[in-house]
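Single-letter residue listing:
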Protein chains: 2
Amino acid sequence: MKLTILFGGASFEHEISIVSAITLKEKLTTFDLNFVFCDGDHQFYLIDPAKMKATTFSKGEHKKQPLLTLTNGAFSQKSMFGSKEYADVVLNLIHGGDGEDGTIAALLDFYSIKYIGPRKEACTFSYDKRFTKYLCEAINVKSVKYEVFYKNEQKNLDLEFPVIVKPATLGSSIGVSIVKEESEFDYALDTAFEYDSVVLVEPFIEGVKEYNLAGFSADNKINFSIVEEPQKEEFLDFEKKYMDFSRSESVSKAEIEEELINKLKTNFEKVYRGLFEGALIRCDFFVVNGEVLLNEINPIPGSMANYLFEDFEASLLLLVNALPHKKRAKISYDYIHSISQAKGK
Amino acid sequence: MKLTILFGGASFEHEISIVSAITLKEKLTTFDLNFVFCDGDHQFYLIDPAKMKATTFSKGEHKKQPLLTLTNGAFSQKSMFGSKEYADVVLNLIHGGDGEDGTIAALLDFYSIKYIGPRKEACTFSYDKRFTKYLCEAINVKSVKYEVFYKNEQKNLDLEFPVIVKPATLGSSIGVSIVKEESEFDYALDTAFEYDSVVLVEPFIEGVKEYNLAGFSADNKINFSIVEEPQKEEFLDFEKKYMDFSRSESVSKAEIEEELINKLKTNFEKVYRGLFEGALIRCDFFVVNGEVLLNEINPIPGSMANYLFEDFEASLLLLVNALPHKKRAKISYDYIHSISQAKGK
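Bear in mind the structure is a predicted one, so any value in this text is a computation, not a measurement.

Participant: An account of the interface of chain B and chain A is requested, with residue identities and associated values reported.
Facilitator: The interface of chain B with chain A comprises 41 residues on the first partner and 41 residues on the second. No other element matches the five residues that helix H3 (residues 103–110) of chain B contributes to the side of chain B that touches chain A. Residues that form the side of chain B that touches chain A fall into these classes: 18 nonpolar, 14 polar and nine charged.

Participant: Could you give an account of helix H3 (residues 103–110) of chain A, with specific residues and numbers?
Facilitator: The periodicity of an α-helix, 3.6 residues per turn, causes residues three or four positions apart to be oriented the same way. All names here are of chain A. Extensive coverage of H3 is indicated by the burial of eight of its eight residues. The complete set of buried residues in H3 reads Thr103, Ile104, Ala105, Ala106, Leu107, Leu108, Asp109 and Phe110. Note on H3: the residue one or two positions beyond its end, Ser112, has a positive phi of about 55 degrees.

Participant: So what's going on with the relation of the copies chain B and chain A? Which residues, and what values?
Facilitator: Take chain B, turn it by 180 degrees, move it 0.0 Å along the axis, and it overlays chain A with an RMSD of 0.0 Å. Classification of the inter-copy transformation places it as that of a two-fold axis.

Participant: I'd like to hear about the packing of helix H4 (residues 120–127) of chain A against helix H5 (residues 129–139) of chain A, residue by residue, with values.
Facilitator: All names here are of chain A. Look at H4 against H5: their axes get within 5 Å of each other, and the N-to-C directions meet at 100 degrees. In terms of their interaxial angle, H4 and H5 are classed as roughly perpendicular. Contacts between H4 and H5 involve Thr124, Phe125 and Ser126 from the former and Phe131, Thr132 and Leu135 from the latter. Taken together, the residues that form the contact of H4 with H5 break down as three nonpolar, three polar and no charged.

Participant: Could you give an account of the sheet that holds strand E8 (residues 115–116) of chain A, with specific residues and numbers?
Facilitator: All names here are of chain A. Taking strand neighbours across the sheet as the criterion, the eight strands line up as E6-E5-E4-E3-E2-E1-E7-E8 in an open arrangement whose pairing is mixed. One side of each edge strand has no neighbouring strand; the edge strands of this open sheet are strand E6 (82–86) and E8. Sheet topology note: the strand E2 (residues 32–38)/strand E3 (residues 44–47) ladder contains four bridges and is antiparallel. The residue of E3 that forms the bridge with Phe35 is Ile47.

Participant: An account of the packing of H5(A) against helix H5 (residues 129–139) of chain B is needed here, citing residue identities and associated values.
Facilitator: Where H5(A) meets H5(B), the closest approach of the two axes is 9 Å, and the angle between their N-to-C directions is 100 degrees. The pairing of H5(A) with H5(B) is recorded here as roughly perpendicular in orientation. Of the residues in H5(B), those touching H5(A) at Tyr134(A), Leu135(A), Glu137(A) and Ala138(A) are Tyr134(B), Leu135(B), Glu137(B) and Ala138(B). Within the contact of H5(A) with H5(B), the residues separate by chemical class into six nonpolar, no polar and two charged.

Participant: Could you give me a rundown of the domain arrangement of chain A, with the residues and numbers involved?
Facilitator: Residue and element names in this part refer to chain A. What the domain assignment lists for chain A is domain 1 (2–117), domain 2 (123–142 + 206–320) and domain 3 (147–203). Placing the centre of domain 1 and that of domain 2 at their C-alpha centroids yields a distance of 25 Å. If you look at the interface, domain 1 gives 20 residues, while domain 2 gives 21 residues. When residues of the side of domain 1 that touches domain 2 are assigned to their parent elements, the largest contribution, seven residues, is made by helix H1 (residues 14–27). When grouped by side-chain class, the residues that make up the side of domain 1 that touches domain 2 number eight nonpolar, eight polar and four charged.

Participant: Requested: an account of unusual backbone geometry, with residues and values cited.
Facilitator: Residue and element names in this part refer to chain A. Going from Phe161 to Pro162, the amide bond is cis rather than trans, its omega being 0 degrees. The residue Pro162 is located in the loop between strand E9 (147–150) and strand E10 (163–167) in this model. A positive phi angle, near 55 degrees, is found at Asp219, a position not held by glycine. The topology assignment puts Asp219 in the loop between strand E13 (209–218) and strand E14 (221–228).

Participant: A description of H5(A) should follow, citing residues and the corresponding values.
Facilitator: Of all the residues in H5(A), the buried ones are Lys129(A), Phe131(A), Thr132(A), Lys133(A), Tyr134(A), Leu135(A) and Cys136(A). In the segment just after H5(A), Asn140(A) is the residue with positive phi, at about 65 degrees.

Participant: With reference to specific residues and values, describe the nonpolar core.
Facilitator: Core analysis: the biggest nonpolar cluster contains 144 residues, and Leu6(A), Ala21(A), Leu93(A), Leu6(B), Ala21(B) and Leu93(B) have the highest contact counts within it. Apart from the residues lying within four places of it in its own chain, the contact partners of Ala21(B) are Ile5(B), Phe7(B), Phe35(B), Met52(B) and Leu93(B).

Participant: Any details on the environment of Val19(B)? Residues and values, ideally.
Facilitator: Residue and element names in this part refer to chain B. Looking at the element boundaries, Val19 is found in helix H1 (residues 14–27). The class of Val19 is buried, set by 24 C-beta atoms lying within 10 Å. In this structure the C-alpha to C-alpha distance between Val19 and Gly302, which are 283 residues apart in sequence, comes to 8.7 Å.

Participant: So what's going on with the confidence of the model for chain A? Which residues, and what values?
Facilitator: Overall, the predicted model of chain A reaches an average pLDDT of 92, with 94% of residues at or above 70. Across the predicted assembly, pTM comes out at 0.93 and ipTM at 0.92.

Participant: Go over the environment of Glu194(B) with me, naming the residues and quoting the values.
Facilitator: For Glu194(B), the position within the fold is in the loop between helix H6 (185–193) and strand E12 (198–203). Accessibility expressed as a C-beta count within 10 Å gives 9 for Glu194(B), which makes it exposed.

Calculation rules
Residues numbered from 1 in each chain as written. Chains lettered and ligands numbered in written order. Predicted model: local features only at pLDDT ≥ 70, side-chain atom pairs only at ≥ 80, totals over all residues. Contact = placed C-beta atoms within 7 Å. Helix = DSSP H or I, 4+ residues; strand = E, 2+ residues; numbered from the N terminus. Nonpolar A, V, L, I, M, F, W, Y, C, P; charged D, E, K, R; others polar. Buried ≥ 20, exposed ≤ 12 C-beta atoms within 10 Å, placed from the backbone. Least-squares fit on C-alpha atoms with pLDDT ≥ 70 in both. Axes fitted to C-alpha atoms, helices over the stretch in contact; angles between N-to-C directions. Parallel < 35°, antiparallel > 145°, perpendicular 65-115°, else oblique. Pairing = 2+ DSSP bridges. Domains from an automatic or database assignment. Core = buried A, V, L, I, M, F, W, Y, C linked by C-beta atoms within 7 Å. pLDDT = per-residue confidence, 0-100.

Given below as structure tokens:
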């Protein structure tokens, strides 16, 4: 199976995407892989698999690799002798901005390239935590209560401390603070506003149980991963999260009852159906007093959450064969023709 | 003021976009305009203003015009002698698919081209009527109640007849039916499913009052158009809507009380703030028993709803100077550097 791994991106998670791609190279041994790197200037490069090391990118050596451009149906490499097309299915592995905000999805759709990854509408609801809340309310999935703060807006906080303050649109804990008392709140808000003009504040629930569940739709049903109980930390800092993205060893299942597993699956399915088709996503849930709350949707989880699937390569094959196909609308000039005829032109 | 009008697109409203562009050419006499046409194959052409006639496109004569490609910061015209860049602000005038679904917004953002038009997140909420409902619920704006039908799903209708059946994502009344009794319902549903796998059903309210209000944000406030009471029809068919998109004569204000105007403005502002910045949008409202309901958001109204603004050219200038600027995230290799150093590489 041929597959093009698209990674990098002008994103705060640029490095993390590189680590993810290197991890998948090790994991997808039965696939025939191409690697396309998007640099911070939005140039695409075809990377020789032998050069898939972190230092290739940090030292700028990728610039010696062939440049690619987007053309109808493919990434295209132009040379003196014509052009070579890379038209395989793309795995969008750009975490954070560009990849998870819908930009890459729109680009690939516009150029009619098939891809694994969230469509742009799905990205709107997963990338911006404010819109994840809108989605939860609409589809009747519970989540932690919240308040929205807009930059330059004068507003008091109604929630009680401790709270967690998050920029609406960044992942990997960037700009996130836990605030234990009022005196620290303004500073936390300013920190978050450095990254986004919209900030979410939620109650910080100590000792909350967390469970992660990944899955994707194929053959008209959701194929679920095992449920994982992630390691407990107040929240993962950037460095720990970074290590997390290079995971490839499978984890052990969370020791929870079938009833809770089913609740998690029901909530996952409500989020996924009619919105995330084409993507393998990971939903991170909180469980508070037996109640399941959606914390976050990761539409492109680190190294595709490979460690949560018993047979990751087989899962990916299933997904490749179930990708949605965006039909390009057929245009017509019927109306203009009929007007022109009526005018005798 | 230089401005590039981007029109066409692979959309059922392709012809309508051409009409819109021709109308704006007549209306924006003090602007220095370029015209970029996106054809049904997603190729871009630079159109000579003298060729801005409907038949240029219906006869395929645009293919003799220079091809453009998207490059960083501009549409670029390559020739034997190098390349010429068109780096002016773009007015996204592609109605329907491509333009209003967020694709063009994502493309222009990716290539760092400034533009008038809805950003991709805003498009998610205006293009898909299902998500407009999600938005209304979240921001506390009333709208007509609804039921969602998914293709291949067995489900009964709870609403009473008459109802209006609409594909979730198309404008211009395509695939829309008014259903007066149950026997016609399945056929209407099938018709709508030809255009979209998600269909919305709403009660059809006879004799409802309709009001349109356009506006945009600049200088930290919303600049409103006059309120229009559109001509009464059960609903506009494609041909009538088409004529509507070529309007350039100003209309007279709806004769309604200040209190209702203020209600409409308040609802408009709730929809717009924090989501539609950069766009001139038109909100179409219903008024039922004195209650204002949002019917539809037009994020790229036909010929930019020029006829609703007293001084349209001045309005557009205000908006051009208030466009949001998407900063490209700065990438770093700090983490890879620190790991490499620790390893002594």
